[in-house]
4 protein chains.
Amino acid sequence: MSRQAGNLAFVLWSASILAALTHGQEAKPRARELGIPFDGRPGNWNAITDVLGVEVGHATVVSGDGKLQVGKGPIRTGVTAILPRGRDSTEPAFAGMFSLNGAGEMTGAHWIEESGYMEGPLMITNTHSVGVVRDAIIAYQVKEGTVGPSGMRWSLPVVAETYDGWLNDTNGFHVKPDHVFSAWSGARSGRVAEGNVGGGTGMICYEFKGGIGTSSRQFSERGRTYTVGVLVQANHGLRSQLLIAGVPVGREIRDHLVHKQETGSIIIVVATDAPLLPHQLKRLARRASIGLARTGSVSSNGSGDIFIAFSTSKVDRPARGENPKVEMLSNDDMSPLFDATVLATEEAIVNALIAAETMSGIDGHTVVALPHDRLKQVLKKYNRLVER
Amino acid sequence: MSRQAGNLAFVLWSASILAALTHGQEAKPRARELGIPFDGRPGNWNAITDVLGVEVGHATVVSGDGKLQVGKGPIRTGVTAILPRGRDSTEPAFAGMFSLNGAGEMTGAHWIEESGYMEGPLMITNTHSVGVVRDAIIAYQVKEGTVGPSGMRWSLPVVAETYDGWLNDTNGFHVKPDHVFSAWSGARSGRVAEGNVGGGTGMICYEFKGGIGTSSRQFSERGRTYTVGVLVQANHGLRSQLLIAGVPVGREIRDHLVHKQETGSIIIVVATDAPLLPHQLKRLARRASIGLARTGSVSSNGSGDIFIAFSTSKVDRPARGENPKVEMLSNDDMSPLFDATVLATEEAIVNALIAAETMSGIDGHTVVALPHDRLKQVLKKYNRLVER
Amino acid sequence: MSRQAGNLAFVLWSASILAALTHGQEAKPRARELGIPFDGRPGNWNAITDVLGVEVGHATVVSGDGKLQVGKGPIRTGVTAILPRGRDSTEPAFAGMFSLNGAGEMTGAHWIEESGYMEGPLMITNTHSVGVVRDAIIAYQVKEGTVGPSGMRWSLPVVAETYDGWLNDTNGFHVKPDHVFSAWSGARSGRVAEGNVGGGTGMICYEFKGGIGTSSRQFSERGRTYTVGVLVQANHGLRSQLLIAGVPVGREIRDHLVHKQETGSIIIVVATDAPLLPHQLKRLARRASIGLARTGSVSSNGSGDIFIAFSTSKVDRPARGENPKVEMLSNDDMSPLFDATVLATEEAIVNALIAAETMSGIDGHTVVALPHDRLKQVLKKYNRLVER
Amino acid sequence: MSRQAGNLAFVLWSASILAALTHGQEAKPRARELGIPFDGRPGNWNAITDVLGVEVGHATVVSGDGKLQVGKGPIRTGVTAILPRGRDSTEPAFAGMFSLNGAGEMTGAHWIEESGYMEGPLMITNTHSVGVVRDAIIAYQVKEGTVGPSGMRWSLPVVAETYDGWLNDTNGFHVKPDHVFSAWSGARSGRVAEGNVGGGTGMICYEFKGGIGTSSRQFSERGRTYTVGVLVQANHGLRSQLLIAGVPVGREIRDHLVHKQETGSIIIVVATDAPLLPHQLKRLARRASIGLARTGSVSSNGSGDIFIAFSTSKVDRPARGENPKVEMLSNDDMSPLFDATVLATEEAIVNALIAAETMSGIDGHTVVALPHDRLKQVLKKYNRLVER
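Values in this document were obtained by computation on a predicted structure and should not be read as measured data.

Definitions and limits used
Residues numbered from 1 in each chain as written. Chains lettered and ligands numbered in written order. Predicted model: local features only at pLDDT ≥ 70, side-chain atom pairs only at ≥ 80, totals over all residues. Heavy atoms only, no water. Helix = DSSP H or I, 4+ residues; strand = E, 2+ residues; numbered from the N terminus. Rg over C-alpha atoms; globule rule 2.2 N^0.38 Å. Buried < 20%, exposed > 50% of the residue type's maximum accessible area, 1.4 Å probe, protein only. Contact = heavy atoms within 4.5 Å. Areas by Shrake-Rupley, 256 points an atom, 1.4 Å probe, with all protein chains shown as cover. Buried area = accessible area lost by both parts, 1.4 Å probe. Nonpolar A, V, L, I, M, F, W, Y, C, P; charged D, E, K, R; others polar. Core = buried A, V, L, I, M, F, W, Y, C linked by side-chain atoms within 4.5 Å. Salt bridge = Lys/Arg side-chain N within 4 Å of Asp/Glu carboxyl O. Polar contact = N/O pair within 3.5 Å; in protein donor to acceptor, adjacent residues only side chain to side chain. Expected span 1.5 Å × (residues − 1). Least-squares fit on C-alpha atoms with pLDDT ≥ 70 in both. Pairing = 2+ DSSP bridges. pLDDT = per-residue confidence, 0-100. Phe/Tyr/Trp six-rings, centres within 6.5 Å; stacked < 30°, edge-to-face > 60°. Lys NZ or Arg CZ within 6 Å of the ring centre and 35° of its normal. Axes fitted to C-alpha atoms, helices over the stretch in contact; angles between N-to-C directions.

1. Some thoughts on the overall build of chain A
Here's step 1: Summing up its helical and strand segments, chain A has 9 helices and 17 strands in all.
Here's step 2: The C-alpha atoms of chain A give a radius of gyration of 20 Å, which matches the 21 Å a tight globule of 388 residues would have.
Here's step 3: Oriented by its inertia axes, the alpha-carbon framework of chain A measures out at about 65 × 55 × 45 Å.
Here's step 4: Put simply, chain A has 388 residues, and 70% of those count as buried.
Here's step 5: The contacts in chain A between residues at least 6 apart in sequence include a share of 79% that link residues at least 24 apart.
Here's step 6: In the structure as shown, chain A presents an accessible area of about 12,200 Å², 50% of it carried by carbon and sulfur atoms.

Pasting the structure below:
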């Protein structure tokens, strides 16, 4: 097979294609369907897309098997795009960040901290492909005539990453601009594919196969309903650390270990329709730490645990010459949002573990999926399985 | 009884007196002695004082009963002093801070962030007494001729707080300079009194009686043994949130509730003899969040959850004209310190709950202690009790 | 004279009394009246009080002469109170901070960073009196039934400081709660006393007598007029560094030097009626650095250069059950506010130097005022004097 | 000419080639040679390369003239590489950052903040080429077998930018991986080319032609000599703001204006051989603000003013099993470093203005160089010209 043909053979799934593929088959159960107890009430999709306007697209790049040949594969990687206001909006969204352990990259951070705004999409990929994704976002915006989204002539895209070099030929730089366009243009509301998809394709979580996971929470306050949605790209943790519903699952399922020391990372994206100002969104981003902690992580030295929260609340633009008015949730009303963020983060991580499937990559490295049956046995042992 | 006599009637315990008082009686069990499972190996005292040089002193101010008369009592408050290098040292210690939720005060923060040094003692008291404690520290330093510790002519003391106004006449301002001197001069190594003592006297934790708690961890790396010690002043959380060893204890023990919404706080102090630079100590301070999260907190809006970590590692001062040399732990060796910080924080909080005793304060408000027997039953229900 | 009588002899001026005292006499010229060139258009008072609602009060404590007797004097100190919305408001104001060099204290910082709000007054005093001022603010709020301003049961006051120990018996702790009440209750709009008043009484700036200075700028944008007001407590700098209007004044006037190395500090308070969110106010606070830089400071190691900006813009509270709406200036419209902040900061510092008068304090230490005539000669030499 | 040939026609200068080119011709004067007064004593090259070990390389990409055809040119851009320890070292350097106004990108920031280390080179380019430069650095490290420099299997390169879209076809993405390799492999100690070179090729400063500038300061303390070197990529400011030696030069030379509002940025890199810890380097990075302020900038809304400081001080690695010892300058000795940073930053910016030459770019846009003769006249008018 020629190099060209090999390139063509890259399997490229966008979320919509994936959805089609999985339409006919019985859906895999998600974490709560297995009987894992979670608190709080999720939205319709139990996904970040429950926040109205948020769209998610994946480009998954999988090709080849066997021995690593740098530049040729095997390839187990991709890109995930999160669009705060959908594919067609160029309006910014208030955002705030928090770095629990900054052994990672999230570009665009300086401008978010300065301006309070995230402009354009948020993308997540592998560590060594952040640059190509960043510039491809600009190229797409140039093509669409929207550089930069807030009317400036430049763009400072937001791209985050985790490292997939144990399964993927990560130094072969296999993410290409077309994958970025594909993830972006394929973004949709509704069900979000989880596990070995998009940026999460080659990821490892508590030494089980990890990747993309998502969850959401809804609650009512003073007569209004608010939604918090979380999406994670989970690539962190040692087996011995894993807690699910407070149960030391990682100590009970000790086979097929991968690491000697943690070298992974987790990117956590929190979306909400609650009208939060940038400094309030930083508060939400910090709560992602607590959700992560509930699954057992201590955020090790080499872990790039960087979190971002954004609000889709609209800005009310009055007559010309007037300043915009922005709605603002009182600080006193924020604690339920903290609860929602913590709970949705915890469940999103477990959803990634439940959805991901055993994968082999470079040099025959194999990472097994968390076995559902054994997990249920362990939960039962600790009286934490929700029987149906 | 005259006002003077009333002042004299303030019961003032320093840690050393308390130690004497408790010498003859059977010691209360600590958390792990009850069969609560904790990971890692604690030091000799399972206390922050396991870090060589660290001394702790409490001044506990308890007086009166019945209806609140602002300025007269009832009084349930105090001060806790933590001396990084003992009572007599004026040498600074590298330090770093983290505010998980800044609804609280920790003075001296700007200089710690700027200089990397904590100079002098760290004290914890009630919210409305931070000022008197701060200035009393300076007065004590002036008396001792050590203003400021690093040779400057001024001092920027480090004083933190949590709010005790549900049990204490906190607007009566009952902490006085003499309590500060007493806590300072009474500071000792060895066993640390926990529960209703010092700054923790009137505190409430997950709607049980809270207060001071401490724990430590030791581990060896490359032939050296490092210690991490944690002391908390725990005044945070709703009952429904409480997790112990991952078990939803707060949902199982639902009587004697106190709050409608969380209004408390927790100050966490992390000490280590590992040679960490200031930016590395900030990493440790952030890990206190994870230990806190493991007990169920989401760090609510009104919670002043401010953490500080310091190292007692000595600076090697060579010949005049040379710069000091400081030992530095490699970042790659830090993950075990993160584990230790998380685990000691978790246990210190539970120790505070186990040590604290039921207390009545102003207007007959009563906060009950976490009942040990019922806790053991709950742990057993979830197969998490360590039988002896 | 008895100790009691000595206490009574403390000369206590509130701003209103000072205003009366200076009413009959010819007012000292301010910096721009001397012919120093400044850019931009000041408000009516060329003071922080040009921002509608802002009130300023000083309590100035001056007593005794001659040799230092710690606890007795001589005394050269005080407190300055800045009330964002006037004496009677308990409504919070959005605020943001920046520490250019944190060798100083500004309490309340954690809550401002967390909540975005400054609640209650901002006070500035000497380094060793921060505690007493902090707690006295709470005592005053307790008395007025407004603890804390935002409806919480506790208060986290904002108190900043610079060090006056070269002129003042600063270890005698001469600032008392009554001075705090006096500064607060005496706060007024209108002209602001400058120089040796309030917290600025014993301060030294570029080795000339320093203290309180203020200035303002107004500009119109999209048909609306915005005001930025600045107040400084200036106690920083070496003579050799001093620049005025870009001219190296400090090198030209080299007599009556005081320091061997800089040990001072500057607190800068920026007020505006522009509707800025907390993260935008941090941007303003950072610009105070640039105004300071224009007077020659490099913000030395021992300098506590901590800045705070707040907005008096009102929050629009709609019907019950709705969230408040806040007006927000577009980031794109902020640059003129940056100009205004820089220019008003620069002029406020020079105003402090121009207003302050030669003072002698402990042990006969004397700090001379910047001589107006020589300053004009120097400006003329560099073709920068505005002739009238 | 074919597209291929056009690519080859890109004019690519590395610093070494440039040095050769300029060898035979009379060197342009630098700022201080024109008689502009600067304080302090520069090093041998008055450049960042005076800090032993630091090497700088430029790749300058200039091609075409006339009307903009996106993707074809005209091209006025490039890359500048700064290697803290020379081309061959993979040892990290302590570093610290500060964002005065974060309307820009500097990748790698999270890891520098977390670890205290800058690993690998620092590169500066145009805004839309940050991604390609970032990934090309990794590709180079992969090729050299040094991913990542500290022994990790991944790399988080540090790439900063300013916007050159007024002169350059910036949306044509003309910076290619080969330019990155060229700047890196061509890096040298010694004289540093300034003005229209490397990342600075298409930059505009105070509406004059800007670009790369550099300067240094040396001073002795306690018998040791320390060097501070600064390199800027200057693309900021409005003409009316420009101050040189405190003189309002921008108001005196008012022709050939470019902007209606500031849209530029400045990246400032501070290098020193003083043994500073990461938190101390953040202090240095903040002082770059003061040097920038002295040239008149207020750091406008759209300005990406992001600064980084690193130390080349070596880590002393003792016997196996021991922790490294690092030398540390006392905080008390830092003020002269602050002076040096401020002064070298100021001079580096002016050097960029003095070195840059008039350039025409896309659509015939022309930016003129600061005219040396008129500058001297203005300085003379304000009695600030140093006559020789």
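2. Focus on the interface of chain A and chain D
Here's step 1: Listed as interface residues are 41 residues of chain A and, on the opposing side, 41 residues of chain D.
Here's step 2: For the pair chain A and chain D, the two sides together bury roughly 3,300 Å², of which 59% comes from carbon and sulfur.
Here's step 3: Elements that contribute at least two residues to the side of chain A that touches chain D include exactly β4 (93–102), α3 (109–115) and α4 (130–144) of chain A.
Here's step 4: Per-element tally for the side of chain A that touches chain D: the top contributor is α4 of chain A, with 8 residues.
Here's step 5: Split into classes, the residues belonging to the side of chain A that touches chain D amount to 19 nonpolar, 16 polar and 6 charged.

3. Remarks on the nonpolar core
General note: in soluble globular proteins, nonpolar side chains tend to be found buried as a group.
Here's step 1: If you look at the biggest cluster of nonpolar residues, it comprises 248 residues, and the most contacted ones within it are I36 of chain B, I36 of chain C together with I36 of chain D.
Here's step 2: Not counting the four nearest positions on each side in its chain, I36 of chain D is found in contact with A31, I244, A245, V350, I354, L375, L379 and V386 of chain D.

4. With respect to the interface of chain D and chain C
Here's step 1: If you look at the interface, chain D gives 33 residues, while chain C gives 33 residues.
Here's step 2: Interface of chain D and chain C: buried area, both sides summed, is about 2,700 Å²; carbon and sulfur atoms make up 46% of it.
Here's step 3: Together, I290, V298 and N301 of chain D form the three largest contributors to the area buried by chain D at its contact with chain C, with a combined 21%.
Here's step 4: A salt bridge links R251 of chain D to D39 of chain C, with the nearest nitrogen and oxygen atoms 2.7 Å apart.
Here's step 5: The interface formed by chain D and chain C includes 22 residue pairs in polar contact (both at pLDDT 80 or more).

5. Topic: helix α8 (residues 335–355) of chain A
Here's step 1: Taking 1.5 Å per residue as the helical rise, α8 of chain A with its 21 residues ought to reach 30 Å, and the 30 Å between its terminal C-alpha atoms agrees with that figure.
Here's step 2: Judged by how many residues are buried, α8 of chain A sits mostly within the fold: 19 of 21 residues are covered.

6. Brief notes about the relation of the copies chain A and chain D
Here's step 1: Mapping chain A onto chain D is achieved by rotating through 180° and translating by 0.0 Å along the same axis, at an RMSD of 0.0 Å. Such a turn and shift between the copies fits a two-fold axis. Among all residues of chain A, the one whose C-alpha sits closest to the rotation axis is G131 of chain A, at a distance of 1.7 Å.
Here's step 2: The residues that chain A uses at the interface reappear at the interface of chain D in 100% of cases, marking a shared surface.

7. Points about the relation of the copies chain D and chain C
Here's step 1: Superposition record for chain D on chain C: RMSD 0.0 Å, screw rotation 180°, translation along axis 0.0 Å.
Here's step 2: Most of the interface of chain D is mirrored in chain C, where 100% of its interface residues are also at the interface.

8. With respect to the sheet that holds strand β12 (residues 265–272) of chain C
Residues and elements named next belong to chain C.
Here's step 1: One open sheet holds the 6 strands; their spatial order is β5-β4-β13-β12-β11-β10, and the pairing between them is mixed. In the strand order of this sheet, the two ends are held by β5 (117–118) and β10 (211–221), each with one partner.
Here's step 2: As judged from the 11 bridges shared by β10 and strand β11 (residues 224–235), these two strands associate in the antiparallel manner. Following the sheet pairing, T214 is matched in β11 by L231.

9. Section: the confidence of the model for chain A
Here's step 1: Residue-level pLDDT values for chain A average 91, and 91% of them are 70 or greater.
Here's step 2: In the predicted assembly, ipTM is 0.93 and pTM is 0.95.

10. Some words on the pattern of salt bridges
Here's step 1: Per the stated rule, a full pass over the model turns up 72 salt bridges over all chains.
Here's step 2: Residues R134 of chain A and D135 of chain A are paired through a salt bridge, measuring 3.1 Å at the closest nitrogen-oxygen approach.
Here's step 3: The partner of D255 of chain B in a salt bridge is R374 of chain B, and the shortest N-O contact between them spans 2.9 Å. Of the two residues, D255 of chain B is situated in the loop between α6 (249–252) and β12 (265–272) and R374 of chain B in helix α9 (residues 372–381); the sequence distance between them amounts to 119 residues.
Here's step 4: The exposure class of R374 of chain B is partly exposed, given its relative accessible area of 31%.
Here's step 5: The network of salt bridges with shared partners includes R32, R217 and E347 of chain A.

11. Describing the packing of aromatic side chains
Here's step 1: Going through the model one piece at a time under the given rule, you end up with 26 aromatic pairs over all chains.
Here's step 2: With 6.0 Å between their ring centres and 50° between their planes, F219 of chain A and Y226 of chain A make a pair best called tilted.
Here's step 3: One aromatic cluster is present, built from ring pairs that chain together F98 and F307 of chain A together with F98 and F307 of chain B.
Here's step 4: Across the ring face of F181 of chain C, the terminal group of K143 of chain C is positioned such that the distance to the ring centre comes to 5.5 Å.
Here's step 5: Positioned above the aromatic ring of F208 of chain D is the side chain of R239 of chain D, whose terminal nitrogen or guanidinium carbon lies 3.6 Å from the ring centre.

12. Digging into unusual backbone geometry
Here's step 1: A cis amide bond links G73 of chain B with the next residue in sequence, P74 of chain B, at an omega value of -5°.
Here's step 2: As for its position among the elements, P74 of chain B is in the loop between β2 (55–63) and β3 (75–83).
Here's step 3: One non-glycine residue, A245 of chain A, lies in positive phi territory at about 55°.
Here's step 4: With respect to the helices, strands and loops of the structure, A245 of chain A is situated in the loop between β11 (224–235) and α6 (249–252).

13. Examining the environment of A309 of chain B
Here's step 1: Along the chain, A309 of chain B turns up in strand β13 (residues 304–311).
Here's step 2: Setting aside anything within four residues of it in sequence, one finds A309 of chain B in contact with F94, A95, G96, V270, L281, L284 and A285 of chain B.

14. Focus: the sheet that holds strand β4 (residues 93–102) of chain D
All names here are of chain D.
Here's step 1: Strand order across the open sheet formed by 6 strands is β5-β4-β13-β12-β11-β10, with mixed pairing between neighbours. The open sheet has two free edges, formed respectively by β5 (117–118) and β10 (211–221), since each of these has just one partner strand.
Here's step 2: Alignment of β4 against β5, held across 2 bridges, turns out to be antiparallel. Looking at β5, one finds that A93 is bridged to M118.
Here's step 3: Its contacts with the sheet place helix α7 (residues 278–293) against β4, β12 (265–272) and β13 (304–311), and it is angled at close to 40° to β4.
Here's step 4: Sheet strands in contact with helix α8 (residues 335–355) are β10, β11 (224–235) and β12, and its direction is about 155° off that of β10.

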